[in-house]
Amino acid sequence: MKMYEKAPAKINLMLDVLHKRPDGFHEVEMIMTMVDLADRLEMSELRRDTIIISSQAGYIPLDEKNLAFQAAKLLKERYGVKQGVHIHLDKKIPVAAGLAGGSSDAAAALRGLNRLWQLGLSSEELQELGAELGSDVPFCVTGGTALATGRGEKLTPIASMPQCWVVLAKPPINVSTAEVYGKLRADRIAVHPSARLMQEAVEAGDFQAVCGRLGNVLEEVTLKLHPEVQQLKEAMIRLGADGVLMSGSGPTVFGLVSKQSKVARIYNGLRGFCKEVYAVRSLT
Ligand code: ATP
């Protein structure tokens, strides 16, 4: 038997860091939503008690470091599953981009294997398992638009993000999430974006207010390390995006665009100096 799951990319409409906790994690407030740029997982049952990961993308780990592998292993161990599985990852989300591609693959594996192995787990149970794999995995289990607190695993679903186009551009640099959080001085953040104001804008379906209230405190760190991310932001604004922000710890920058007529201009303008550009819809 085979199961298929889509694993969409996430973007942060706002990301604030409140303080560093004694356990080393940062206490965050984020509003996250998903966009229609997705990996696709094909999960095939194996009689042998083994987990195999394959992918056309040559630049991700295919062993136990892969988050989809870890999701399968966690379910097998926790629920005594004796069957094996071959998970093929058709990667479309750029890797190490701030778009939670690995986390979304892990969440999709949890959803798909729950069906393949008929485990009967609820979304809440899958989210709890997901929290053991990574802070963004619980959100990726259900998607939608949500306020995330704690280290990102405590979720409050909110209304859907107003429908729009999202243009994403990833400059050809690697950003380490750990390095960005490591360099952030949580006690010296100049301007904290407001989760409450962003939530109100989303709940009111007010696209312009969403654009005006975008904010990510990690930009302070990543933009200093990589000035090209700042240049990309400026280019997107110049080309006419309604709101522009870096996603997660970067380096991907996204632009929210209400009018389809503007999308091609922004996309083509960015392709001039960035190879990885995507124009997709927001997901409700
Ligand atoms: P984060 O912000 O959580 O670091 P990200 O969106 O910036 O995530 P990912 O695409 O999730 O980045 O990749 C981060 C790292 O995770 C990569 O360097 C890669 O080696 C590893 N990884 C493990 N499993 C996967 C997967 N299924 N897809 C992509 N990367 C994976």
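- As recorded by an unreviewed UniProt entry, the protein carries the name 4-diphosphocytidyl-2-C-methyl-D-erythritol kinase and is attributed to Paenibacillus sophorae.
- According to UniProt, the comment filed for the protein under the heading Sequence similarities (unreviewed entry) is "Belongs to the GHMP kinase family. IspE subfamily."
- On record in UniProt, under Catalytic activity (unreviewed entry), the comment for the protein is "4-CDP-2-C-methyl-D-erythritol + ATP = 4-CDP-2-C-methyl-D-erythritol 2-phosphate + ADP + H(+)".

## Concerning the packing of helix α1 (residues 67-79) against helix α2 (residues 101-116)
In helix packing, the relevant descriptors are the interaxial angle and the interaxial distance, both defined with respect to the helix axes.
Turning to step 1, where the next piece is worked out: Taken N-terminus to C-terminus, the directions of α1 and α2 make an angle of 35°; their axes are 7 Å apart at the nearest point. As for the relative orientation of α1 and α2, their crossing is right-handed in sense. Note on element contacts: α2 touches α1 through Gly 102, Ser 103, Asp 105, Ala 106, Ala 109, Leu 110 and Leu 113, opposite Leu 67, Ala 68, Gln 70, Ala 71, Ala 72 and Leu 75.
Turning to step 2, where the next piece is worked out: Tallied by class, residues from the contact of α1 with α2 come to 9 nonpolar, 3 polar and 1 charged.

## So, the pairing of strand β4 (residues 84-90)
Turning to step 1, where the next piece is worked out: Burial of β4 is one-sided: the residues Val 85, Ile 87 and Leu 89 facing one way are buried, the residues Gly 84, His 86, His 88 and Asp 90 facing the other way are not.
Turning to step 2, where the next piece is worked out: Examined bridge by bridge, strand β2 (residues 26-46) and β4 share 7 bridges and lie antiparallel to one another. Among the inter-strand pairings, Ser 44 is bridged to a residue of β4, identified as His 86.
Turning to step 3, where the next piece is worked out: In this view, the connection linking strand β3 (residues 51-55) to its parallel neighbour β4 by way of α1 has left-handed handedness.

## Quick notes on the site of the ligand
Turning to step 1, where the next piece is worked out: Close to the ligand lie 21 residues; Leu 67, Gly 101, Gly 102, Asp 105 and Thr 177 are nearest.
Turning to step 2, where the next piece is worked out: When residues of the shell around the ligand are traced back to their parent elements, those giving at least two are α1 and α2.
Turning to step 3, where the next piece is worked out: Among the elements that line the shell around the ligand, the one with the most residues is α2, at 4 residues.
Turning to step 4, where the next piece is worked out: For the shell around the ligand, a count of residues per class yields 10 nonpolar, 8 polar and 3 charged.
Turning to step 5, where the next piece is worked out: For the shell around the ligand, the two domains that each supply at least three residues are domain 1 (2-158) and domain 2 (165-281).

## Things to note about the environment of Pro 94
Turning to step 1, where the next piece is worked out: By secondary structure assignment, the location of Pro 94 is in the loop between β4 and α2.
Turning to step 2, where the next piece is worked out: Looking at Pro 94, the number of C-beta atoms within 10 Å reads 21, which means it is buried.
Turning to step 3, where the next piece is worked out: Sequence-distant contacts of Pro 94, defined by excluding residues within four places in its chain, comprise Leu 99, Gly 101, Lys 170, Thr 252 and Glu 276.

## Describing the domain arrangement of the protein
Accessible area lost during the coming together of the parts is what is often quoted as the interface size.
Turning to step 1, where the next piece is worked out: The assigned domain composition of the protein is domain 1 (2-158) and domain 2 (165-281).
Turning to step 2, where the next piece is worked out: Computed from C-alpha atoms alone, the centre-to-centre distance between domain 1 and domain 2 is 23 Å.
Turning to step 3, where the next piece is worked out: With 24 residues of domain 1 in contact, the opposing surface of domain 2 contributes 35 residues.
Turning to step 4, where the next piece is worked out: Among the elements of the structure, β1 (2-20), β2 and β5 (145-149) are those that each provide at least two residues to the side of domain 1 that touches domain 2.

## Some details on the UniProt feature "active site" (unreviewed entry) in the protein
Turning to step 1, where the next piece is worked out: Annotation from UniProt places "active site" (unreviewed entry) at Lys 10 and Asp 136. Annotated residues spanning 127 residues; largest pairwise C-alpha distance 9.1 Å, indicating a single compact cluster.
Turning to step 2, where the next piece is worked out: Within the fold, Lys 10 resides in strand β1.
Turning to step 3, where the next piece is worked out: Topologically, Asp 136 is positioned in the loop between α3 (123-131) and α4 (137-142).
Turning to step 4, where the next piece is worked out: A tally of 28 C-beta atoms within 10 Å means that Asp 136 is categorised as buried.
Turning to step 5, where the next piece is worked out: Residues contacting Asp 136, with those up to four places away along its chain left out, are Lys 10, Ala 100, Ser 103 and Gly 152.

What counts, and at which threshold
Residues numbered from 1 in each chain as written. Predicted model: local features only at pLDDT ≥ 70, side-chain atom pairs only at ≥ 80, totals over all residues. UniProt positions renumbered as here; feature names shortened; annotations may be inferred. Axes fitted to C-alpha atoms, helices over the stretch in contact; angles between N-to-C directions. Helix = DSSP H or I, 4+ residues; strand = E, 2+ residues; numbered from the N terminus. Left-handed = near helix turned anticlockwise from the far one by under 90°. Contact = placed C-beta atoms within 7 Å. Nonpolar A, V, L, I, M, F, W, Y, C, P; charged D, E, K, R; others polar. Buried ≥ 20, exposed ≤ 12 C-beta atoms within 10 Å, placed from the backbone. Pairing = 2+ DSSP bridges. Right-handed = clockwise from strand over helix to strand, strands pointing away. Near = placed C-beta within 6 Å. Domains from an automatic or database assignment.

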